[in-house]
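Letter by letter, the chains look like this.
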Amino acid sequence: MSRKYFGTDGVRGRVGDSPITPDFVLRLGFAAGEVLVRRGNVGPEGPAVLIGKDTRISGYMLEAALQAGLAAAGVDVMLCGPMPTPGVAYLTRALRLQAGIVISASHNPYDDNGIKFFSADGGKLPDAVEAEIEAALERPLTCRPSAELGKARRIEDAAGRYIEFCKSTFPNALHLRGLKIVVDCAHGAAYHIAPHVFHELGAEVVAIGNQPNGLNINDACGATRPQALSEAVVANGADLGIALDGDGDRLIMVDAKGRCYDGDQLLYVIARERARNGGIAGVVGTLMSNLALERALEAEGIAFVRAKVGDRYVLELLQERGWQLGGENSGHIICLDKHTTGDGIVSALQVLTALVQHQRTLEELAGALKLYPQRLINVRIRRGVDWQSHPSIQRTYADIESRLGKRGRLLLRASGTEPVLRVMVEGEDGAEVEALAREMADCVERALAA
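**Student:** Give a description of the overall build of the chain that names residues and reports values.
**Tutor:** A count of helical and extended segments in the chain gives 14 helices and 18 strands. The C-alpha atoms of the chain give 22 Å as radius of gyration, which agrees with the globular expectation for 450 residues (22 Å, within 12%). Counting only C-alpha atoms, the chain reaches 70 × 60 × 40 Å along its principal axes. Buried positions account for 58% of the 450 residues belonging to the chain. Within the chain, residue pairs in contact and separated by at least 24 positions form 70% of the contacts whose partners lie at least 6 positions apart.

Structure representation (structure tokens):
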């Protein structure tokens with residue numbers, strides 16, 4: 001699919017710059033509404049969608065524009081305010097709505113924002129529907145007759161509904177009593193939800209990153225900046241720490257000594273627990289998943305395959321294979337036996353299930369996986385630049401790949417959310433990995449500057 005506005009995770013950009021402007025989001029709401037009305041499969045009251053958002057100050061403006069566009073197309077709107085992305089996915093399905101919409105830029109800084117959609121079943125919007133919305137954006141903005149306009153109402157118990165859903169993914173026979181957990185909400189959408197989930201399951205909770213002001217989302221906190229969590233775990237003598245990102249779909253954990261565990265290590269813990277309890281067909285990772293994870297799972301007799309980077313591609317491959325577990329080293333973990341999409345809180349509860357069930361620490365269970373040194377360097381590039389066919393980049397890539405052999409991997413990929421080329425090298429020797437990553441990144445910078 002050729003996309004003009006939609007990236008790998010909805011429409012995203014800097015607030016005030018196209019396409020994240022009030023007029024575009026108004027048109028996007030109208031276009032999405034038109035598609036929903038045309039696709040039918042709605043009750044006698046007409047189509048209805050849910051809108052949730054994270055805590056960015058721009059969310060107020062974009063929510064109003066989106067709501068106006070949908071109403072103009074004859075679509076009813078339900079508003080739930082700040083809500084993690086997976087919470088919107090759950091509520092869309094639970095309330096039998098036609099779609100869910102999240103206003104968020106996930107782990108990005110506060111001056112970015114974005115719009116992403118969920119289908120009626122709580123999954124990512126299919127490519128075909130995104131293509132219809134893009135086509136509708138090319139048509140003039142109009143308005144339904146007054147009697148056919150959409151209405152709006154607020155769901156007052158949205159947070160409570162989602163808290164109960166998260167708790168339902170933890171075994172009834174287990175509890176978290178006796179555990180002291182630091183929860184870093186990244187000043188994001190889970191600030192009023194995540195601490196309650198773990199507390200109501202019995203844990204003593206210390207919440208940090210839970211005072212959003214519209215400007216501090218992901219600011220030196222959360223899953224992308226876990227140093228604050230590490231320090232808080234040690235300072236509070238906690239058993240472990242849980243860090244989410246701004247929209248609550250990403251997870252990083254910290255042990256009692258303040259050491260961080262990424263998505264690959266947490267995925268390994270969950271996969272081994274699944275294997276002990278009735279078996280597991282296989283695990284889907286991505287091109288960025290550590291080679292050590294692949295080899296460790298295969299040693300356990302668990303099949304492993306790689307998808308393109310992006311949780312939507314992990315989900316697609318899981319559905320294609322009929323498997324239930326996959327994820328990214330960034331902390332997006334998908335447990336399809338628990339939820340339709342990646343969920344940081346639910347994923348943390350799956351790790352905690354293994355810890356409580358076996359009375360082991362995070363260090364003991366996750367530390368069994370020794371990750372290979374991996375170096376990721378982001379090189380800023382112009383959007384749309386043809387880096388793949390540049391001769392010097394091709395030569396250097398082939399040379400480094402040859403030198404690594406079977407001892408490691410080299411990967412170049414353009415980000416789906418930022419104007420950067422990601423250079424990743426991993427291997428058995430940390431010094432070699434660092435040198436080769438820097439060599440490849442320098443080559444890219446020289447080539448594209450020229």
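**Student:** Residue-level account of the sheet that holds strand β5 (residues 112-119), with values.
**Tutor:** With mixed pairing, 6 strands are arranged side by side in an open sheet as β1-β5-β4-β2-β3-β6. Unpaired on one side and paired on the other, β1 (11-14) and β6 (152-154) mark the two borders of the sheet. Pairs of neighbouring strands in the sheet enclose a mean axial angle of 20 degrees, with direction left out of account. Where strand β2 (residues 48-53) meets strand β3 (residues 76-82), 6 bridges bridge the pair, whose relative direction is parallel. Bridge pairing in β3 places Gly 52 opposite Gly 81. Its contacts with the sheet place helix α2 (residues 58-72) against β2, β3, β4 (99-103), β5 and β6, and it is angled at close to 170 degrees to β2.

**Student:** Tell me about the environment of Gly 29, and name the residues and values.
**Tutor:** Checked against the element boundaries, Gly 29 lands in helix α1 (residues 22-39). Separated by 37 residues in the primary sequence, Gly 29 and Leu 66 have C-alpha atoms spaced 4.7 Å apart.

**Student:** Quick one: what's the story with the packing of aromatic side chains, residue by residue and with numbers?
**Tutor:** How two aromatic rings sit relative to each other is given by the distance of their centres and the angle of their planes. For the coordinates displayed, the defined rule picks out 4 aromatic pairs. Ring centres of Tyr 5 and Phe 24 lie 4.8 Å apart, and the angle between their planes is 50 degrees; on these two criteria the pair is classed as tilted. Residue Tyr 5 is found in the segment before β1, and its partner Phe 24 is found in helix α1; the two are separated by 19 residues along the sequence. Residue Tyr 5 shares its accessibility class with Phe 24, and that shared class is buried. Pairing Tyr 90 with Phe 165 gives two aromatic rings, centres 4.3 Å apart and planes at 15 degrees, and the pair type is stacked.

**Student:** So, unusual backbone geometry: which residues are in play, and what are the values?
**Tutor:** Of the consecutive residues Ser 18 and Pro 19, the connecting peptide bond is found in the cis state with omega at 10 degrees. Inspection of the secondary structure puts Pro 19 in the loop between β1 and α1. Within the chain, Ala 186 stands out as a residue other than glycine whose phi angle is a positive 60 degrees. Take Ala 186: it is sitting in the loop between β7 (180-184) and α6 (194-200). If you check the backbone angles, Ala 220 has positive phi at about 55 degrees while not being a glycine. Mapped onto the fold, Ala 220 is located in the loop between β8 (204-208) and α7 (227-235). The class of Ala 220 is partly exposed, set by a relative accessible area of 45%.

**Student:** Give me the packing of α1 against α2: which residues, what numbers.
**Tutor:** The contact between α1 and α2 brings their axes to 7 Å, and the two run at 35 degrees. At the point where α1 passes α2, the crossing takes the right-handed sense. Where α1 abuts α2, its residues Pro 22, Val 25, Leu 26, Gly 29, Phe 30 and Gly 33 lie against Met 61, Leu 62, Ala 65, Leu 66, Ala 68, Gly 69, Leu 70 and Ala 72. Grouping the constituent residues of the contact of α1 with α2 by class yields 11 nonpolar, 3 polar and no charged.

**Student:** Lay out the sheet that holds strand β16 (residues 374-380) with the relevant residues and their values.
**Tutor:** Spatially, 3 strands are ordered β16-β18-β17 in an open sheet, and the strand pairing comes out antiparallel. At either end of the open sheet lies a strand with only one pairing partner, and these are β16 and β17 (408-414). Taken pair by pair, the neighbouring strands of this sheet meet at an average axis angle of 10 degrees, ignoring direction. Where β17 meets strand β18 (residues 420-427), 7 bridges bridge the pair, whose relative direction is antiparallel.

**Student:** Go over the pattern of salt bridges with me, naming the residues and quoting the values.
**Tutor:** A side chain with one charge can pair with a side chain of the opposite charge if their charged atoms come near. As enumerated under the stated definition, the model contains 35 salt bridges in all. A salt bridge links Asp 9 to Arg 12; the shortest N-O distance between them is 3.5 Å. There is no split in this pair, since Asp 9 and Arg 12 are both buried. Here Lys 124 ties to Asp 311 by a salt bridge, and the two come within 3.6 Å at their closest N and O atoms. Placement of the pair is Lys 124 in the loop between β5 and α4 (127-137) and Asp 311 in helix α10 (residues 311-321), with a sequence separation of 187 residues. Classification of Lys 124 as buried rests on a relative accessible area of 15%. The network of salt bridges with shared partners includes Asp 9, Arg 12, Lys 116, Lys 124, Asp 247 and Asp 311.

**Student:** Residue-level account of α4, with values.
**Tutor:** Among all positions in α4, only Val 129, Glu 130, Ile 133, Glu 134, Ala 136 and Leu 137 are buried. Along the axis of α4, the buried residues cluster in a sector spanning 160 degrees; they form a single face.

**Student:** Residue-level account of helix α13 (residues 391-404), with values.
**Tutor:** Compared with the 20 Å implied by 1.5 Å per residue over 14 residues, the 20 Å span of α13 between its first and last C-alpha is a close match. Those residues of α13 lying buried are Ser 392, Ile 393, Thr 396, Ile 400 and Leu 404. Looking straight down α13, one finds that the buried residues subtend no more than 95 degrees of arc, so they occupy a single side. Those residues of α13 that are exposed and angled more than 90 degrees off the buried face are Arg 395 and Ser 402. Along its buried surface, α13 packs onto β17, β18 and α14 (430-449).

**Student:** Let's hear about the nonpolar core: which residues, and what values?
**Tutor:** The nonpolar side chains of a soluble globular protein tend to be buried, and buried together. Of all hydrophobic cores here, the largest spans 69 residues; its most connected members are Leu 176, Ile 181, Phe 198, Ile 242, Ile 345, Leu 349 and Leu 352. No other element matches the 9 residues that helix α11 (residues 344-358) contributes to this core. When near neighbours in sequence (up to four residues on either side) are disregarded, Ile 345 contacts Tyr 162, Cys 166, Ile 193, Ala 194, Val 197, Phe 198, Leu 244 and Gly 248. By size, the runner-up hydrophobic cluster in this structure holds 30 residues, among which are Leu 28, Ile 101, Phe 117 and Ala 136.

Parameters and conventions
- Residues numbered from 1 in each chain as written.
- Predicted model: local features only at pLDDT ≥ 70, side-chain atom pairs only at ≥ 80, totals over all residues.
- Heavy atoms only, no water.
- Helix = DSSP H or I, 4+ residues; strand = E, 2+ residues; numbered from the N terminus.
- Rg over C-alpha atoms; globule rule 2.2 N^0.38 Å.
- Buried < 20%, exposed > 50% of the residue type's maximum accessible area, 1.4 Å probe, protein only.
- Contact = heavy atoms within 4.5 Å.
- Pairing = 2+ DSSP bridges.
- Axes fitted to C-alpha atoms, helices over the stretch in contact; angles between N-to-C directions.
- Phe/Tyr/Trp six-rings, centres within 6.5 Å; stacked < 30°, edge-to-face > 60°.
- Left-handed = near helix turned anticlockwise from the far one by under 90°.
- Nonpolar A, V, L, I, M, F, W, Y, C, P; charged D, E, K, R; others polar.
- Salt bridge = Lys/Arg side-chain N within 4 Å of Asp/Glu carboxyl O.
- Arc of directions from axis to C-beta.
- Expected span 1.5 Å × (residues − 1).
- Core = buried A, V, L, I, M, F, W, Y, C linked by side-chain atoms within 4.5 Å.

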